[in-house]
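# Observations on the model geometry
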Amino acid sequence: MVPEDQPHEPVPLALARLFAGLACPGRTTAALPPTLGGPLADLLAAFGIPVALAPCGARLALTVTGEAETTPASLTADWVTAPPWVRAAQAASTGAITVAIDGPAAAGKGTLARSLADALGLAYLDTGRLYRATGYSVLQAGGDPSDPAAAEQAARSLDTRVLADPALRSEAAGDAASRVAAIPAVRDALLAFQRQFARTPPDGAWGAVLDGRDIGSVVCPSAPVKLFVTASAETRAQRRFLELRDAGQDVIESRILQDMKARDARDSSRGIAPLVPAADAVVLDTSDLDRTEALAAAFALAGDRLRAAGSDVARASMSHTGAS
Ligand SMILES: Nc1ncnc2c1ncn2[C@@H]1O[C@H](COP(=O)(O)OP(=O)(O)OP(=O)(O)O)[C@@H](O)[C@H]1O
Ligand SMILES: Nc1ccn([C@H]2C[C@H](O)[C@@H](COP(=O)(O)O)O2)c(=O)n1
């Protein structure tokens, strides 16, 4: 039994370290819900990282018990933050690996996508921002986001430098985004940028995490890892309320819930690229998971698929080069 008050690393950091093969033997790294501890321990063991599980209150303490098989002797500036199987796949890679994360508004897609990308050394694209920037640009010009001509013109002339503008996070920008997103010419205009990002991620990254509504179904249908992240409408509205309130916006939770339901209905029922889980996506409901638990679950799900993808890429590369 591990004492409950024993200090633990923050779980996202611990997981990043574990998956990067940089765990510190003998140190308790994560206290996890029982449903996650077992699968994660199996996964780490499969990566060559020896671990032990012990009860810790209502949770399981996951402790690294020995050196990972390929832990580097020292960390250097050019050390690639990725586990051994990822580096093998990277070396043999004939193309970038894509992690597709889809789901409804405020489900936690971006939070998970950023953490996965950071931990695995992948580039990250929040595709919602492309639609938000398009809708916001129409609003700024005094236009109607549902007007196909105005929306298409805004999408085709989009300058990606505006994607970091904090104004894009407002509910008004989200609503405008959902309206322009139902227009086929807008989706067509934004598709090439997203596919290009996935195919040739910036800064030489070996792959990319993209989040949105149609990444697994339309933008990157052959992505080896597809997560559909969801949560109840009430949970998502509360999360968005807290986010906007903490950012200093004057918001009413019941209004956010109402708008969010309307946006979900529009995104799910539109004729083109509707919000639906891809047939081969793994659904992750985060309603009862905090950020840490959701990340642990995503790591377990994504890690398994990525590992398989890494082997496939390596195999494809070997047959391509004639090696056996
Ligand atoms: N599991 C969680 N528990 C509690 N809060 C969370 C959880 N995951 C994310 N959040 C918070 O909920 C809010 C929405 O999360 P996030 O932006 O990641 O969602 P999203 O699905 O990317 O949203 P959008 O579709 O609008 O881009 C953020 O404030 C985030 O910190
Ligand atoms: N791949 C995408 C991404 C986003 N949209 C639309 C639908 C959303 O309501 C809106 C804003 O997205 P968010 O920032 O909340 O993720 O943009 C889409 O249709 N396809």
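One numbering rule holds for all chains: residues counted from 1, following each sequence as written. Chains carry letters from A onward and ligands carry numbers from 1 onward, assigned in written order. The model is predicted, so local features are restricted to residues of pLDDT at least 70 and side-chain atom pairs to those at 80 or more, both for listing and for counting; the totals for chains, interfaces and linings are taken over all residues. Hydrogens and waters are ignored; side-chain quantities use all the structure's heavy atoms.

## Some points on the packing of helix H7 (residues 171-180) against helix H11 (residues 253-269)
The cut-off we apply is this: Geometry is summarised by axes, namely lines fitted to C-alpha atoms with helices restricted to the contacting stretch, and by angles between N-to-C directions that run from 0 to 180 degrees. Here a helix means four or more residues in a row that DSSP labels H or I, a strand means two or more in a row labelled E, and each is numbered from the N terminus. In this scheme, roughly parallel covers angles under 35 degrees and roughly antiparallel covers those over 145, while 65 to 115 is roughly perpendicular and the rest are oblique. Left-handed is the label given to a crossing in which the near helix is rotated counterclockwise from the far helix by less than a right angle, and right-handed is the label when the rotation is clockwise. The criterion used for residue contact is that any of the two residues' heavy atoms lie within 4.5 Å. The classification used treats Ala, Val, Leu, Ile, Met, Phe, Trp, Tyr, Cys and Pro as nonpolar, Asp, Glu, Lys and Arg as charged, and all other residues, Gly among them, as polar.
Running from amino to carboxyl end, H7 crosses H11 at an angle of 20°, the nearest separation of the two axes being 9 Å. Classed by the angle they form, the pair H7 and H11 counts as roughly parallel. You can see that H7 and H11 cross each other, and the crossing is left-handed. For the pair H7 and H11, the contacting residues are Glu171, Gly174, Asp175, Ser178 and Arg179 in the first and Ile256, Arg263, Arg266 and Asp267 in the second. Here the contact of H7 with H11 is built from residues that sort into one nonpolar, two polar and six charged.

## Some words on the environment of Asp165
For clarity, the threshold we go by: The cut-offs for exposure are 20% and 50% of the maximum accessible area for each residue type, with area from a 1.4 Å probe on protein chains only; residues under the lower value are buried, those over the upper are exposed, and the others partly exposed.
Mapped onto the elements of the fold, Asp165 is located in the loop between helix H6 (148-156) and H7. Residue Asp165 is classed as partly exposed on the basis of its relative accessible area, which comes to 31%. On a C-alpha basis, the gap between Asp165 and Ala133 in space is 8.6 Å, while along the polypeptide they are 32 residues apart.

## So, the side chain of Arg236
Residue placement: Arg236 occurs in helix H10 (residues 233-246). A residue is classified by how much of its surface remains accessible, and Arg236, at 4% relative accessible area, is buried. The residues touching Arg236, leaving out its near neighbours within four places in the chain, are Pro104, Ala105, Ala106, Ala107, Ala231, Met260 and Asp264.

## Remarks on the UniProt feature "binding site: ATP" (unreviewed entry) in the chain
Counted only if it meets this: UniProt positions are given in the numbering used here, feature names are shortened, and annotations may be inferred rather than shown by experiment.
According to UniProt, the positions carrying the feature "binding site: ATP" (unreviewed entry) are Gly103, Pro104, Ala105, Ala106, Ala107, Gly108, Lys109, Gly110 and Thr111. By secondary structure assignment, the location of Gly108 is in the loop between strand S4 (97-102) and helix H4 (109-120). Overall, Gly108 belongs to the partly exposed group, its relative accessible area being 23%. If we ignore the near neighbours within four places in the chain, the residues touching Gly108 are Val229 and Arg239. Inspection of the secondary structure puts Thr111 in helix H4.

## What to know about the site of ligand 2
Here is the rule: Whether a residue is near a molecule or strand is decided by its heavy atoms; if any one of them lies within 4 Å of it, the residue is near. Polar contacts here mean pairs of N or O atoms no more than 3.5 Å apart (in protein, one a potential hydrogen donor and the other a potential acceptor; neighbouring residues in sequence count only if both atoms are side-chain atoms).
The local shell around ligand 2 holds 15 residues, among which Arg132, Arg187, Arg213, Arg263 and Asp267 are the closest. Side-chain polar atom of Asp214 to a nitrogen atom of ligand 2: 2.9 Å apart, as the coordinates give it. At a separation of 2.8 Å, an oxygen atom of ligand 2 approaches a polar side-chain atom of Arg270. Looking at the shell around ligand 2, the elements that each hand over two or more residues are helix H5 (128-140), H7 and H11.

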